[in-house]
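Structural characterization, general
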Amino acid sequence: MMTRLDRARWFQMAGAGFLSPDANVLKAPLDSLRETEWGEEASRLLQWLESGDPLDLQREFVRLFLSPTGAVLPPWQSAREDPPRLMGPAHESATRWFARWGVAPRTPGEPADHLGLLLNFAGFLLEQEASAEELAAFHQDHLTWVPAFCERVAAEARHPFLAHLASLAGRLTAQRLEETAP
Amino acid sequence: MPLSRRDWIRLSSVTGAGLFGGQSLFGQFFQPAAAGPSAQTRTLVTACGLCDSACGMQATVTDNVLKFLQGLPGDQHGNGGICAKGASAISTAYDPDRLKYPMKRTNPHKDLTADPGWVRITWDEALTTISQRFGGYLSQFGKESLLFVSRNSPELWSRFMNAIGVVNRVDHNDVCYMVDRIVQRYTMGPHTFAYDFANSKYILLFGWDLLARNKVVFCHQMMAAKEGGAKVVSFNPMYSATARVADEWYPIRPGGDLAVILAIIQVLLNENLFDRDFVGNYTNFAEYEGQIRENFQKYTPEWAEKESDVPAADIRRIAREFGERRPAVAPLHKKTIGANHANATQIAHAIAVLNILAGTIDRPGGRYFPRTISIPGVDAIYPPPSYPSKTGRRVDGRNLLPLAHEANNGMFSTLADGMLNKFPGMIRGVFWQNYSLGGFPSPRHIAEALKSVEFMVVMDILPVDAALLADIVLPSTMFLEGSDLISRTNNAKSPQVVVRQPVISAPFETRSIGWLAVELGKRLAPDYFRTDSGAWISPSVLLDEKTKRAGLANSFAEFRSIGMVTKEQPFVPRTTFATASGKCQIYVPEFAQRGYAPLPEWKPKRDLPSAEYPFFLLTYIPGVHRRNSTQNNKVLHEMMPENSVIMHPSAAARLGLGEGTPAVVRSRAGQITLPVHLSQTLRPDCVLVAHGFGHVSRALTLAGGKGARDADLIPDQTIEEILAAGNFGGSGCIMDAAVAVEAAG
Ligand code: SF4
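Counting starts from 1 at the beginning of each chain's written sequence and moves along it residue by residue. Labels follow written order: the first chain is A, the first ligand is 1, and so on. With the structure being a predicted model, the display of local features is reserved for residues of pLDDT at least 70 and the display and counting of side-chain atom pairs for 80 or more, all residues being used for whole-chain, interface and lining totals. Only hydrogens and water are set aside; all other atoms, that is, all heavy atoms of the structure, feed into the side-chain values.

**Observations concerning the overall build of chain A**
Scanning chain A for helices and strands turns up ten helices and one strand. For the purposes of this entry, the term helix denotes a DSSP run of H or I that reaches at least four residues, the term strand denotes a run of E that reaches at least two, and both are numbered from the N terminus. For chain A, the succession of helices and strands along the chain, N to C, is α-α-α-α-α-α-β-α-α-α-α. The size measure is the radius of gyration over C-alpha atoms, and the globule rule it meets is 2.2 Å times the number of residues to the 0.38 power. Against the compact-globule benchmark of 16 Å for 182 residues, chain A has a radius of gyration of 15 Å, which places it among compact chains. Taken along the three principal axes of its C-alpha coordinates, chain A extends 45 × 40 × 25 Å. In chain A, of all internal contacts separated by at least 6 residues, the share reaching a separation of at least 24 is 66%. The contact criterion used throughout is that any non-hydrogen atoms of two residues lie within 4.5 Å.

**Regarding the overall build of chain B**
The secondary structure content of chain B amounts to 26 helices and 24 strands. In terms of C-alpha radius of gyration, chain B reaches 27 Å, essentially the compact-globule figure of 27 Å for 745 residues. Taken along its principal axes, the extent of the C-alpha atoms in chain B is 95 × 65 × 50 Å. The buried label goes to any residue with under 20% of its type's maximum accessible area, the exposed label to any with over 50%, and the partly exposed label to all in between, with areas taken from a 1.4 Å probe on protein chains only. Relative to its 745 residues, chain B shows a buried fraction of 61%. Taking the intrachain contacts of chain B between residues at least 6 apart in sequence as the baseline, contacts between residues at least 24 apart amount to 73%. This count recognises Lys and Arg as positive and Asp and Glu as negative, with His and chain-terminal groups excluded. By convention, charge coordinates are those of NZ in Lys, CZ in Arg, CG in Asp, or CD in Glu. Chain B carries 76 positive and 69 negative side-chain charges, and their two centres are separated by 3 Å.

**Here we look at the interface of chain B and chain A**
The partner chain A presents 52 residues to the 47 residues of chain B that form the contact. Buried area: the accessible area, evaluated with a 1.4 Å probe, that two parts lose upon being put together, summed over both parts. A combined buried area of about 4400 Å² lies between chain B and chain A, and 66% of that area is made up of carbon and sulfur atoms. In the sections that follow, a salt bridge refers to a side-chain nitrogen of Lys or Arg positioned within 4 Å of a carboxyl oxygen of Asp or Glu. Here chain B and chain A share one salt bridge between them. Of the charged contacts, one joins Lys67 of chain B and Glu92 of chain A as a salt bridge, the two residues approaching to 2.7 Å between their closest N and O atoms. Definition of a polar contact: a pair of N or O atoms within 3.5 Å, with one able to donate and the other able to accept a hydrogen when the atoms are protein atoms, and with sequence-neighbouring residues admitted only if both atoms are side-chain atoms. On inspection of chain B and its partner chain A, the count reaches twelve residue pairs in polar contact (both at pLDDT 80 or more). Of all the elements in the fold, those that place two or more residues in the side of chain B that touches chain A are α1 (5-15), β1 (30-32), β4 (65-71) and β6 (119-120) of chain B. No other element matches α1 of chain B, which puts six residues into the side of chain B that touches chain A. Pairing of strand β1 (residues 103-105) of chain A with β1 of chain B involves three bridges; the strand directions are antiparallel. What makes two strands pair is DSSP finding at least two bridges between them.

**Points about the site of the ligand**
We call a residue near a given molecule or strand whenever any one of its heavy atoms falls within 4 Å of it. The environment of the ligand is made up of 13 residues, and the closest members are Cys48, Cys51, Ala54, Cys55 and Cys83 of chain B. Residue polarity is assigned by list, with Asp, Glu, Lys and Arg as charged and Ala, Val, Leu, Ile, Met, Phe, Trp, Tyr, Cys and Pro as nonpolar; anything else, Gly included, falls into the polar class. Split by residue class, the shell around the ligand holds eight nonpolar, three polar and two charged.

**Structural notes on the packing of helix α7 (residues 115-127) of chain A against helix α8 (residues 132-142) of chain A**
Residues and elements named next belong to chain A. The axes used here are C-alpha line fits, helices contributing only the stretch in contact, and every angle between their N-to-C directions lies in the interval 0 to 180 degrees. Viewed as axis vectors pointing N to C, α7 and α8 meet at an angle of 175°, and their least axial separation amounts to 11 Å. Judged by the inter-axis angle, α7 sits roughly antiparallel to α8. In contact with Leu118, Phe121, Ala122, Leu125 and Leu126 of α7, α8 contributes Leu135, Phe138 and His142. In terms of residue class, the contact of α7 with α8 is built from seven nonpolar, one polar and no charged. The labels follow the angle: roughly parallel below 35 degrees, roughly antiparallel above 145, roughly perpendicular from 65 to 115, and oblique for the rest.

**Quick word on the confidence of the model for chain B**
Here chain B averages 94 in pLDDT, and 96% of its residues register 70 or above. If you check the scores for this complex, the pTM reads 0.96 and the ipTM reads 0.97. A residue's pLDDT is simply how confident the predictor is in it, with values from 0 to 100.

**Comments concerning the packing of aromatic side chains**
Here the aromatic set is Phe, Tyr and Trp, taking the six-membered ring for Trp, and pairing holds for ring centres within 6.5 Å; pairs whose planes are under 30 degrees apart are stacked, those over 60 apart are edge-to-face, and all others are tilted. Under the defined criterion, the tally for this structure stands at 48 aromatic pairs over all chains. Taking 5.8 Å as the distance between ring centres and 75° as the angle between the ring planes, the aromatic pair formed by Tyr101 of chain B and Phe508 of chain B counts as edge-to-face. Placement of the pair is Tyr101 of chain B in the loop between α3 (89-93) and β5 (103-104) and Phe508 of chain B in the loop between β17 (496-500) and α20 (513-524), with a sequence separation of 407 residues. Three or more aromatic residues link up through ring pairs in this structure, and these residues are Trp97, Phe98, Trp101, Phe121, Phe124 and Phe138 of chain A together with Phe26 and Phe30 of chain B. Across the ring face of Phe508 of chain B, the terminal group of Lys100 of chain B is positioned such that the distance to the ring centre comes to 5.8 Å. When the NZ atom of lysine or the CZ atom of arginine is within 6 Å of a ring's centre and also within 35 degrees of its normal, the charge is said to sit over that ring. The cationic tip of Arg105 of chain B hangs over the ring face of Trp118 of chain B; the distance from NZ or CZ to the ring centre is 5.9 Å.

**Here we look at the sheet that holds β17 of chain B**
Residue and element names in this part refer to chain B. Read from one edge to the other, the open sheet built from three strands follows the order β16-β17-β18, with strand pairing classed as antiparallel. With partners counted over all chains shown, the strands left at the sheet margins are β16 (484-487) and β18 (564-566), one partner each. Strand after strand, the sheet turns through a mean of 20° between neighbouring axes, direction not considered. Where β17 lies against β18, three bridges are found, and the strand directions are antiparallel. Paired with Val497 across the strands is Val565, a residue of β18.

**Some words on the confidence of the model for chain A**
In the predicted model, chain A carries a mean pLDDT of 95, and the fraction of residues at 70 or more is 100%. Taking the mean pLDDT of every element in chain A, the minimum, 93, falls on helix α2 (residues 23-33) of chain A and the maximum, 98, on helix α9 (residues 146-156) of chain A.

**What to know about the nonpolar core**
Residues enter a nonpolar core if they are buried and are Ala, Val, Leu, Ile, Met, Phe, Trp, Tyr or Cys, with the set joined through side-chain atoms within 4.5 Å. In terms of nonpolar packing, the biggest core is built from 125 residues, with Phe121 of chain A together with Trp432 of chain B touching the most fellow members. The residues touching Trp432 of chain B, leaving out its near neighbours within four places in the chain, are Val149, Leu437, Phe440, Ile446, Leu450, Met456, Val457, Val458, Met459 and Ala466 of chain B. Counting residues in each nonpolar core, the second largest holds 78 residues, with Val233, Phe235, Val279 and Phe369 of chain B among its members.

**Quick word on the sheet that holds strand β12 (residues 328-329) of chain B**
Residues and elements named next belong to chain B. The parallel open sheet is built from four strands, whose spatial order is β11-β10-β9-β12. The open sheet is flanked by β11 (248-250) and β12, the only strands paired with a single partner. Pairing of strand β9 (residues 202-206) with strand β10 (residues 231-235), which is carried by five bridges, proceeds in the parallel orientation. Across the sheet, the residue bridging to Phe206 is Phe235, located in β10. Strands β9 and β10 of the sheet are contacted by helix α10 (residues 257-270), whose axis makes an angle of about 150° with β9. Against the sheet, helix α14 (residues 312-324) makes contact with β9, β10, β11 and β12, and its axis sits at roughly 135° relative to β11, the strand it touches most.

In structure tokens, the structure reads:
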């Protein structure tokens, strides 16, 4: 079973991957994750991150999440709820979670319920040794939508790095939800 | 206070090495912040930016999240109310489809269906690329090589376009109010939509369905007019919302409005039912009386009946009532009949004459000039070096319409012909801002034309169709995120200024067009964007300066907290008018000098029903939508998600069409398919299609592919056609089409 800190690292890496799939940001973390239980997955991600034209990854990232002519899967929790919107209750709740822990996203224009920020923060809570109750509460508030969403990303993605990142993030989150379910 | 273990770990996690050694991965995306709950609810005053009424609003905001919008008591436009569009602007602000970051196309193949291969770029890269491309075109191919499809505002943007000498700036006003603006300028002075309906006793409405259009200022005034005992007469081929509150409704034949107006003038003149004091003292009637009387003599009510289907006896009676029940007014507003048909210039002129004869120009109960607080513009605050001359060919041929050219508006309706046929290849770079392809007559032609340009930039709030053809897409802020000083114009007998302020911060990397003007200005025309001290012009310092010089407050920040300033003053009617003669001009000598008719004369509309196309096409803008920009708004989408082809049951039955039957509507310009909706509320020889639907871009999750574009049925024009039709005001003829209808499939 993965240790708490390894899990925290995986969450943070996955969060970073959904915010900025950039070798400059992810190479070192992925390198160090090769020592963890999912080391092979880290190696694979690293290989896909570094092989091929980096523009292909950027293009696919935009097509999936940010396209100005129609993103396939907008990655904000509020945008996955009914009705889909930005800055909905999930954003406000995430903002409150961040504030309670004395942190705030560096990009003020980015809604707080971006998948990448939520995963990164989930890793942070693990790192901070948040109590089981706190972890369970955060997961219930902000991660229940993630496995299904990641499954869709994995199915839609035309770049192996993003497909694999999504499938790992989905698995990781599903496991945690199971473990922390009340 | 000593750090707790948790604080210490948190800080190191954010600022230190974190879990991975090196820079913290968490810390790359998060920063330390003051801990603790901060829920704080504030109410801020601002002004709507969806239509030019700019109603005052109060915004309830909790922790930078907008919760509610409502009207602002004391605001002269909204009078404490806002319409559905304004109230639901929150849904646009938080639309997941919003453009978020600057993007660059990597697939050179341009097609409305091709994947553009977007990659995200920084603003810096976007600005550098745009400056290099536009700068290159300017130096290599001259000023005529750039096309800006954009309004001439805000003023910083206007300054930027002037500074680089843009020859080809095109806007929608030929399919909007341009004709009225031109006519008003020469008949009574600067353009205004200010009407004092509340004090009118007789209101003649030609086409303008002001209640359904839902502009709060006019709705309130119309209801006040009714409460004050005004008689309202509506001429409209359909039984509109306004017709329902009118005292009389005439289902007039499309294009026949002009005939009825000419005949009313004829009766007013023949029976001397005009306001003799006003006409004698403040107009050029006496100087041209012979020509004026002779011009209108032939337009008898009996003649007008044949062109309009309005009974002659009613025309005569209405003319007499109009002349006798004072104050009387015949308003004209934007896309009512002012831009719809090829005879719009004559209609605008004839309506101006009606109002002049009624003696209600700048008088209670009439059309008046707003009293405003003078707010200095950027050129007054930071005088620019002289602007470069705008040398080069005008792609839309507007230069051949001197009055339109001088008004510096238009031309959507001739742009495609210019780009595709007259000057192919001349336009190399396009800047396209806040316009939809569906706003153009024959939008497929425009799309074709845009494919031919080398480099196109689109800036908008939402992923409009044109973005599919762009090389660079720039995300724009919306009014809830912007700052301005809004002077009242549509109901302003006393000057009033309302603040527009950012009630929420700009999301993602959205930027305002004013900001973009300065940034591009720095790169392409730096001399025009420096202050005397050599510093760059700052939009916020400029706003401070304007606020101070207008006497509104000591700074914009202070005015933000004040919200609204009204300077009560008595309404003193004008005795001189801003025309060449200083009088209201019934006969317009300047028109005669240019070879145009100096007095309104009969002209038919352009496309008339025929055996091939037996119906008049009517279009309308539903009250719950703002032209073609709000169909993706969740709330408004629920109220009206798509359009239909509305027909009279008798006409539909003849064609074997029933409620909901899919039907093809064809004109000489193109065809669309829509379900039939039966309604007794329009003439059997007309079909009605709502404007604003049929967005191509599937990126508009709600609106994409819903309904069909009325504009596909509207023929665009060549400048020669406009000249030959005597359409010297350059009406874009945005409703001038005849159509056939048949069952689909
Ligand atoms: S009428 Fe409606 S859309 Fe226009 S400014 Fe007022 S609230 Fe906004």
